[in-house]
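Listed here are the chains, written in short residue letters.
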Amino acid sequence: MIRPGQLLRLLHINWVLVRNGLDEVILATHLFRPVRFLRWLAPWHLLSRRTPRAVRIRRTLEDLGPIFVKFGQILSTRKDLLPDDIADELAKLQDRVPPFSGDLASAIIEKTHGRPVQDIFAHFDTVPLASASVAQVHAATLNSGEDVVVKVLRPGIEPVIRRDVSLLHYIAGLAERYWSEGRRLRPREVVAEFEKTLYEEMDLLREAANASQLRRNFEDSTLLHVPEVYWPYCRHNVMVMERIYGIPVSDLDALHEAGVDMKSLSERGVEIFFTQVFRHNFFHADMHPGNIFVSREGQYMAVDFGIMGTLSPVDQRYLAENFLAFFRRDYYRVAQLHVESEWVPKGTRVDEFESAIRSVCEPIFERPLKEISFGQLLLRLFQTARRFDMEIQPQLVLLQKTLLNIEGLGRQLYPDLDLWQTAKPFLERWMSEQVGARAFVGRMKRSFPEWSERLPEIPELVHRTLQQASEGKLQVQWESRELEKLRHQMQRSSQRTIYAILGSGFLISASLIYGLDGYTPAMLGGAPLLSWVFGGISALLFLAAWETD
Ligand SMILES: Nc1ncnc2c1ncn2[C@@H]1O[C@H](COP(=O)(O)OP(=O)(O)OP(=O)(O)O)[C@@H](O)[C@H]1O
């Protein structure tokens with residue numbers, strides 16, 4: 001049920017749609033028919049029809065505010081869902097939210113910490129360094145002298161997000177029901193995914209924890225510097241971290257001026273990506289150029305840890321094998337892996353799938369980055385996969401987005417980069433660590449601390465077990481299903497033996513009684529009655545033994 005506040009916002013959304021010449025969207029959803037009259041209030045909608053559809057969609061999202069802009073930014077990476085022209089146009093979406101006042105930021109910090117900003121920081125700059133839809137960043141200096149940045153959650157953002165996200169859910173529901181393409185595009189799932197990312201970004205303690213983990217992962221590496229988190233100052237709406245001074249990665253002139261080797265910089269970008277995804281299984285999933293800086297020594301520096309991705313070990317393994325098979329142009333293996341991992345339905349013909357993948361990939365091999373586009377490659381692969389009923393893998397979506405970011409970065413820094421040659425040795429090393437002798441040694445190394453802890457207990461354990469065995473007190477707990485079955489069989493067979501022995505006993509007794517001279521108490525058909533009874537019992541026992549199977 002839609003609430004009055006939401007209804008007003010819904011009317012506003014429709015108004016914006018009409019204004020941007022997207023009134024067909026309103027007509028497509030039958031429930032909005034009553035507001036169709038709005039189009040006559042906006043005569044310029046006819047003029048706007050001359051503007052390309054993709055531009056009209058981008059403008060609409062910008063007019064609808066930051067949550068819709070973010071939604072569009074995420075959609076722009078989903079070339080598997082959207083037509084190319086729309087995805088490319090949405091990639092141009094900019095967060096254009098005005099900053100909130102520095103005094104308001106100070107007031108929020110004071111309220112959260114329960115003491116004046118002057119007590120917390122030696123200096124707090126009320127002019128923001130940057131301002132985005134969810135948070136704003138200020139420079140400050142700690143009393144101990146370190147330069148820091150303070151990230152403050154935008155006040156009042158939570159209810160706005162809740163209202164807009166619930167509307168997006170509502171619209172997704174309508175789209176699924178009334179739009180022919182609705183089901184294929186899985187709008188509900190797309191919105192649910194977006195909602196998760198937004199709520200994760202709204203918790204700055206979570207972001208601080210992500211930053212700490214990533215910093216630890218690269219502690220001994222010269223590849224990436226991650227700012228230190230100052231935990232005592234962090235709360236759910238305030239995060240304080242080391243301020244980094246680097247050259248923005250998009251400032252190519254400054255990078256050249258500083259003498260940074262662009263080839264090695266772009267190669268190290270690829271290495272950071274593969275290290276995060278495969279070695280650490282914890283990757284920065286918001287790698288747009290605004291979040292990446294480079295030190296004068298050519299080391300990467302990252303900020304903004306709101307969105308991080310991980311993969312399950314199974315996906316990680318399949319993905320690495322897929323990449324390697326791609327790099328070796330072993331399309332049969334690629335197709336086989338897709339069937340094994342059930343990314344395509346079980347009965348898919350591997351040879352047919354192989355040939356489809358070959359026709360997509362073969363044209364792009366051995367070309368420098370400037371001539372290939374991951375976006376295009378992914379798009380063609382997705383089209384192929386759709387023909388083969390491949391399901392969209394939601395767990396791989398963040399990875400796909402990051403891959404596109406890396407491509408953009410590489411293209412900008414060093415367009416001649418040979419992506420395949422850079423990535424291949426890394427993946428080969430990783431795979432050899434996962435299988436074979438090195439993997440075995442690695443696993444032994446990992447489990448050694450546990451074993452070394454248990455080692456001193458072993459003589460005592462052996463002694464106790466032997467003693468119990470010699471005293472006949474050894475107890476074994478059956479746990480496996482097979483053992484349990486065996487136990488039942490043994491139980492039944494001993495029961496059968498008992499029935500058979502008892503049956504024989506009664507049979508022998510019956511014969512003895514029958515053969516006794518001068519036995520008179522009760523007779524039946526010329527034989528003692530007791531002999532009949534024992535014979536009967538014996539027959540029943542034999543029957544029971546036979547039935548116990
Ligand atoms: N530790 C830091 N040192 C120096 N500058 C920083 C630091 N952290 C953030 N910034 C600056 O502030 C900007 C915004 O920070 P951040 O990306 O974390 O905020 P955001 O609200 O998540 O923005 P967006 O969602 O647009 O990426 C960065 O692009 C960078 O210029």
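Here is what the cut-offs are and how they apply
Residues numbered from 1 in each chain as written. Predicted model: local features only at pLDDT ≥ 70, side-chain atom pairs only at ≥ 80, totals over all residues. Heavy atoms only, no water. UniProt positions renumbered as here; feature names shortened; annotations may be inferred. Near = heavy atom within 4 Å. Polar contact = N/O pair within 3.5 Å; in protein donor to acceptor, adjacent residues only side chain to side chain. Helix = DSSP H or I, 4+ residues; strand = E, 2+ residues; numbered from the N terminus. Phe/Tyr/Trp six-rings, centres within 6.5 Å; stacked < 30°, edge-to-face > 60°. Buried < 20%, exposed > 50% of the residue type's maximum accessible area, 1.4 Å probe, protein only.

- As annotated in an unreviewed UniProt entry, the protein chain is Probable protein kinase UbiB from Thiogranum longum.
- UniProt, in its Function (unreviewed entry) section for the protein chain, records the words "Is probably a protein kinase regulator of UbiI activity which is involved in aerobic coenzyme Q (ubiquinone) biosynthesis."
- Its UniProt record gives the protein chain the following Pathway (unreviewed entry) comment, quoted word for word: "Cofactor biosynthesis; ubiquinone biosynthesis [regulation]."

## Description of the site of the ligand
Then, number 1: Within the structure, the ligand sits among 18 residues, and Lys 151, Glu 242, Ile 244, Gly 290 and Asp 304 are positioned closest to it.
Then, number 2: Between an oxygen atom of the ligand and a side-chain N or O atom of His 288, the distance comes to 3.3 Å.
Then, number 3: When contributions to the shell around the ligand are tallied by element, the ones reaching two or more residues are strand E3 (135–142), strand E4 (147–153) and strand E6 (238–242).

## Quick look at the packing of aromatic side chains
Then, number 1: Across all of its chains, the model carries 8 aromatic pairs by this definition.
Then, number 2: Where Phe 71 meets Phe 194, the ring centres are 4.9 Å apart and the plane angle is 55°; that geometry is what we call tilted. Residue Phe 71 is located in helix H6 (residues 66–75), and its partner Phe 194 is located in helix H12 (residues 187–201); the two are separated by 123 residues in the primary sequence. Taken as a pair, Phe 71 and Phe 194 share a single burial class, namely buried.
Then, number 3: Relative to Tyr 233, the ring of Phe 121 has its centre 6.2 Å away and its plane inclined at 20°; by these criteria the two rings are stacked. Linking Phe 121 in strand E1 (residues 121–124) with Tyr 233 in the loop between strand E5 (224–225) and E6, this pair joins segments that are 112 residues apart in sequence. For the pair formed by Phe 121 and Tyr 233, the shared burial category is buried.
Then, number 4: Three or more aromatic residues joined by ring pairs form one cluster here, namely Phe 273, Phe 274, Phe 278, Phe 426 and Trp 430.

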